[in-house]
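# Structural overview
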Amino acid sequence: MEEKRECCSHKTKERSEKEYKDLIHRLNRIEGQIRGIRGMVEKNAYCTDILVQVAAANAALNSFNKVLLANHIKTCVTRDIREGKEETVDELVETLQKLMK
């Protein structure tokens, strides 16, 4: 029987002010894009116009993931490997597999 896993770990990370502001800025833009898409649906916009905006929101989310993943590798993963926590590599591989579905 497989053990049940929670969606998120209980680990936390201290982020620099610059990293924090960049991530929040990106999320705010994505949130605005999603609200814009909702508005388009509410106003009965043409399907392809909505699809183009959804593609843009997906690209923004992918960009967010790339930035966050790069920061994670450069900080958390590197630190853990230096400290001998090899299980972090397995965690990273598992995360990459989830991202690539």
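I will try to describe carefully the structure that is included in this document. What you see is a predicted model, and the numbers here were worked out from it, not measured in a lab. Throughout, residues of each chain are indexed from 1 in the direction in which the sequence is written. Thresholds applied to this predicted model are a pLDDT of at least 70 for local features of residues and 80 or more for the giving and counting of side-chain atom pairs; totals over whole chains, interfaces and linings are not thresholded and use all residues. Side-chain numbers come from the whole structure's heavy atoms, not from hydrogens or water.

## Examining unusual backbone geometry
One non-glycine residue, N44, lies in the positive phi region at around 55 degrees. Strands here are runs of E lasting at least two residues and helices are runs of H or I lasting at least four, both read from the DSSP assignment and numbered beginning at the N terminus. Inspection of the secondary structure assignment puts N44 in the loop between α1 (17-42) and α2 (47-82). Taking the relative accessible area as the measure of exposure, N44 reaches 69% and is therefore exposed. Relative accessibility thresholds used throughout: buried, under 20% of the residue-type maximum; exposed, over 50%; partly exposed, between the two (1.4 Å probe, protein chains only).

## A closer look at the packing of α1 against α2
The packing of two helices is summarised by the inter-axis angle and the distance between the axes. Two numbers describe how α1 lies on α2: the axes approach to 10 Å, and their chain directions differ by 165 degrees. Viewed along their axes, α1 and α2 adopt a mutual orientation that is roughly antiparallel. Viewed along their axes, α1 and α2 form a crossing whose handedness is left-handed. All residues other than Ala, Val, Leu, Ile, Met, Phe, Trp, Tyr, Cys, Pro, Asp, Glu, Lys and Arg, Gly among them, are scored as polar; the first ten of these are nonpolar and the last four charged. Looking at the contact of α1 with α2 residue by residue, the class counts come to 16 nonpolar, 4 polar and 4 charged. Note on geometry: axes are lines fitted to C-alpha atoms, helical ones only across the stretch in contact, with angles between N-to-C directions running from 0 to 180 degrees. Any angle that falls under 35 degrees is termed roughly parallel, while one over 145 is termed roughly antiparallel, one within 65 to 115 roughly perpendicular, and all others oblique. Here a crossing is called left-handed whenever its near helix is offset anticlockwise from the far helix by less than a right angle, and right-handed whenever the offset is clockwise.

## So, the side chain of T88
Among the secondary structure elements, T88 is positioned in helix α3 (residues 87-99). The class of T88 is buried, set by a relative accessible area of 3%.

## Brief notes about the nonpolar core
One broad trend across soluble globular proteins is that nonpolar side chains are buried collectively. Nonpolar cores were defined as sets of buried Ala, Val, Leu, Ile, Met, Phe, Trp, Tyr and Cys residues, with membership established by side-chain atoms within 4.5 Å. Core analysis: the largest hydrophobic core is formed by 5 residues, namely L23, I30, A60, F64 and V67. With 3 residues, the top contributor of residues to this core is α2. Every residue pair with non-hydrogen atoms within 4.5 Å of one another is taken to be in contact. Contacts of A60, omitting those with residues within four sequence positions, involve I30 and Q33.

## Looking at a nonpolar patch on the surface
Only residues above 30% relative accessible area that lack a salt bridge enter a patch, with like-charged residues linked at up to 9 Å and the nonpolar side chains Val, Leu, Ile, Met, Phe, Trp and Tyr linked at up to 5 Å. Every accessible area reported is derived by Shrake-Rupley at a probe size of 1.4 Å, with residue values counting cover from the shown protein chains alone. Whenever a carboxyl oxygen of Asp or Glu lies within 4 Å of a side-chain nitrogen of Lys or Arg, that contact is scored as a salt bridge. Taken together, Y20, I24 and L27 make up a surface patch of nonpolar side chains, about 250 Å² in accessible area. Counting through the fold element by element, L27 comes out in helix α1. The class for L27 is partly exposed, based on a relative accessible area of 36%.

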